[in-house]
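# A closer look at the structure
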Amino acid sequence: MYTVGRTAQLTGVPRETLRKWEQRYGVVSPARTEGNYRLYDDEAVRRLSVMRDLVDSGWAPREAARRVLDESARTADLPRPGSPPVRLDDLAACGEDFDVVRLEAMLDKAFTETDLAIAVDEWLMPSLVRLGEAWQQGTVSVAGEHFVSAAVLRRLAQAFHQLPHAEPGAPQVMVGLARGSRHELGVMAFAMVLRSRGVNVTYLGADLPVESWVDTVRALLPEAVVLAVPTVEDLPAVREAVQAITPIATVLLGGAHQGRVEGAEPLGHRIGEAAADLAARLLASTA
């Protein structure tokens with residue numbers, strides 16, 4: 001969570017303009033501290049950054065705000081037909097009461113009764129957004145949010161390792177996070193779906209120094225390298241990694257701030273769909 005001053009620095013939008021965009025257009029709804037100070041999360045920073053870019057390119061603020069809100073509404077749609085048979089609020093509910101039995105049963109159900117890409121896009125990621133909102137509103141504690149996130153990460157890792165190995169000659173992709181970045185849920189979910197589609201995935205986890213990225217890319221010579229930019233704070237390290245890796249391998253980016261890094265291909269914001277599309281592209285090129 002960022003103060004209004006820090007948010008102004010990160011987005012390049014002056015404080016007074018932030019307040020105007022909030023009050024006039026409702027483009028963000030910051031949380032409040034007990035002292036009534038505004039706090040902005042990563043999604044708010046992303047929305048404000050997108051709106052700034054639109055206004056800078058000539059859009060009227062009202063139309064830019066409408067575009068940002070329409071985009072956010074589309075990404076928060078309810079689950080589609082074929083989605084896992086669990087509700088979007090279930091993870092947050094488990095975070096409230098620390099029900100480990102219910103939580104693990106729910107994760108097993110979500111990842112065994114439907115396609116993994118659908119489970120990620122239609123249930124897991126929207127549910128994690130709901131969990132974050134519940135934490136911001138105070139209905140889920142910090143410990144409750146950590147309890148759920150840790151269980152999700154364990155389940156994703158389990159699903160990843162239980163998948164069969166790729167066929168000999170299958171394309172290889174390296175997946176992980178840059179130096180200092182520790183938000184693993186998105187990249188772990190991406191790696192799981194990618195492996196389920198027959199790609200040879202080398203998952204390197206969180207907080208990997210740029211020198212290690214470069215050395216491993218040179219050793220493995222993958223068809224692609226996938227990193228994520230989940231928070232604004234990750235941008236400097238990801239930019240450094242992309243600059244170092246692109247001379248020797250193709251780099252693709254996921255995460256909320258993927259569009260703010262030059263030199264890499266953005267994957268979009270639907271993790272399962274992006275992983276399935278990349279797998280199809282790579283497998284077609286090696287057929």
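Quick summary incoming for the structure in this document. On a predicted model such as this, the values are computed, not experimentally measured, just so you know. (Residues numbered from 1 in each chain as written. Predicted model: local features only at pLDDT ≥ 70, side-chain atom pairs only at ≥ 80, totals over all residues. Heavy atoms only, no water.)

## Some thoughts on the overall build of the protein
Convention followed: Each helix is a run of DSSP H or I of at least 4 residues and each strand a run of E of at least 2, with the numbering of both proceeding from the N terminus. Only protein chains enter the area calculation, which uses a 1.4 Å probe; residues under 20% of their type maximum are buried, those over 50% are exposed, and those in between are partly exposed. Contacts: residue pairs with any heavy atoms within 4.5 Å of one another. Per-residue and other accessible areas follow the Shrake-Rupley method at a 1.4 Å probe size, with only the shown protein chains counted as cover for residues. When charges are counted, Lys and Arg are positive and Asp and Glu negative, with His and the chain ends excluded. In this description, the location of a charge corresponds to atom NZ of lysine, CZ of arginine, CG of aspartate or CD of glutamate.
Helix and strand counts for the protein stand at twelve helices and eight strands. Viewed in the frame of its principal axes, the protein has a C-alpha envelope of about 60 × 45 × 35 Å. Looking at the protein as a whole, 47% of its 287 residues are labelled buried. Sequence separation of 24 or more characterises 70% of the internal contacts of the protein that already satisfy a separation of 6 or more. Surface accessibility of the protein: about 14000 Å² in total, with carbon and sulfur atoms responsible for 51%. Considering the protein, the positive charge centre built from 30 side chains and the negative charge centre built from 38 side chains are found 6 Å apart.

## Looking at the packing of aromatic side chains
How two aromatic rings sit relative to each other is set out by the distance from centre to centre and by the angle between their planes. Put simply, the test is: What counts as a ring pair is set by centres within 6.5 Å for rings of Phe, Tyr and Trp (its six-membered ring), and what kind of pair is set by the plane angle: stacked under 30 degrees, edge-to-face over 60, tilted for all other angles. Here, over-ring charges are defined by two tests on the NZ atom of lysine or the CZ atom of arginine: distance to the ring centre within 6 Å, and angle to the ring normal within 35 degrees.
Within the structure shown, the criterion is met by two aromatic pairs. Between F98 and F147 the ring centres are 5.4 Å apart and the planes differ by 50°, which places this aromatic pair in the tilted class. Of the two residues, F98 sits in the loop between α5 (90–97) and α6 (100–112) while F147 sits in helix α8 (residues 142–162), which places them 49 residues apart along the sequence. With centroids separated by 6.3 Å and ring planes inclined at 55°, the aromatic side chains of F160 and Y203 adopt a geometry described as tilted. One end of the pair, F160, is in helix α8; the other, Y203, is in strand β5 (residues 200–208), and 43 residues separate them in sequence. Positioned above the aromatic ring of F160, the side-chain terminus of R195 is 4.9 Å from the ring centre.

## Some words on the environment of Y25
Among the secondary structure elements, Y25 is positioned in helix α2 (residues 15–25). The spatial distance from the C-alpha of Y25 to the C-alpha of L267 is 29 Å, given a sequence separation of 242 residues.

## Points about the packing of helix α7 (residues 116–137) against α8
The test is simple: Angular values range over 0 to 180 degrees, each being the angle between N-to-C directions of two axes fitted as lines to C-alpha atoms, with helices fitted over their stretch in contact. Here the angle decides the label: under 35 degrees means roughly parallel, over 145 means roughly antiparallel, 65 to 115 means roughly perpendicular, and every other value means oblique. Less than a right angle of anticlockwise turn of the near helix away from the far helix marks a crossing as left-handed, whereas a clockwise turn marks it as right-handed. Residues are grouped as follows: Ala, Val, Leu, Ile, Met, Phe, Trp, Tyr, Cys and Pro are nonpolar; Asp, Glu, Lys and Arg are charged; all remaining types, including Gly, are polar.
Where α7 meets α8, the axes come as close as 9 Å, and the angle between the chain directions of the two elements is 165°. It follows that α7 is roughly antiparallel to α8 by the angle criterion. At the point where α7 passes α8, the crossing takes the left-handed sense. Contact with α7, carried on its side by L124, L131 and W135, involves V142, E145, V148, S149, V152 and L156 of α8 and no other residues of that element. Along the lines of polarity and charge, the residues of the contact of α7 with α8 split into seven nonpolar, one polar and one charged.

## With respect to helix α10 (residues 210–220)
The cut-off we apply is this: As used here, the arc belongs to the directions running from the helix axis to the C-beta atoms.
Within α10, the full set of buried residues consists of V210, W213, V214 and V217. Projected down its long axis, α10 carries its buried residues within an arc of 95°, all on one side. Across from the buried face of α10, at angles greater than 90 degrees, the exposed residues are E211 and A219. L221 occupies a position one or two residues after α10 and carries a positive phi of about 50°.

## What about the pattern of salt bridges?
Note the following rule: One speaks of a salt bridge when a side-chain nitrogen belonging to Lys or Arg is within 4 Å of a carboxyl oxygen belonging to Asp or Glu.
Counting across every chain of the model gives 16 salt bridges. The partner of E43 in a salt bridge is R47, and the shortest N-O contact between them spans 3.2 Å. On the criterion of helical spacing, the pair formed by E43 and R47 is a turn pair, its members being four residues apart in helix α3 (residues 42–56). With a closest N to O distance of 3.0 Å, R281 and E265 form a salt bridge. Of this pair, R281 sits in helix α12 (residues 271–286) while E265 sits in strand β8 (residues 265–266), and the two are 16 residues apart along the sequence. The exposure class of R281 is partly exposed, given its relative accessible area of 43%. Shared partners join several salt bridges into a network, and the residues in it are D121, E122, R270 and E273.

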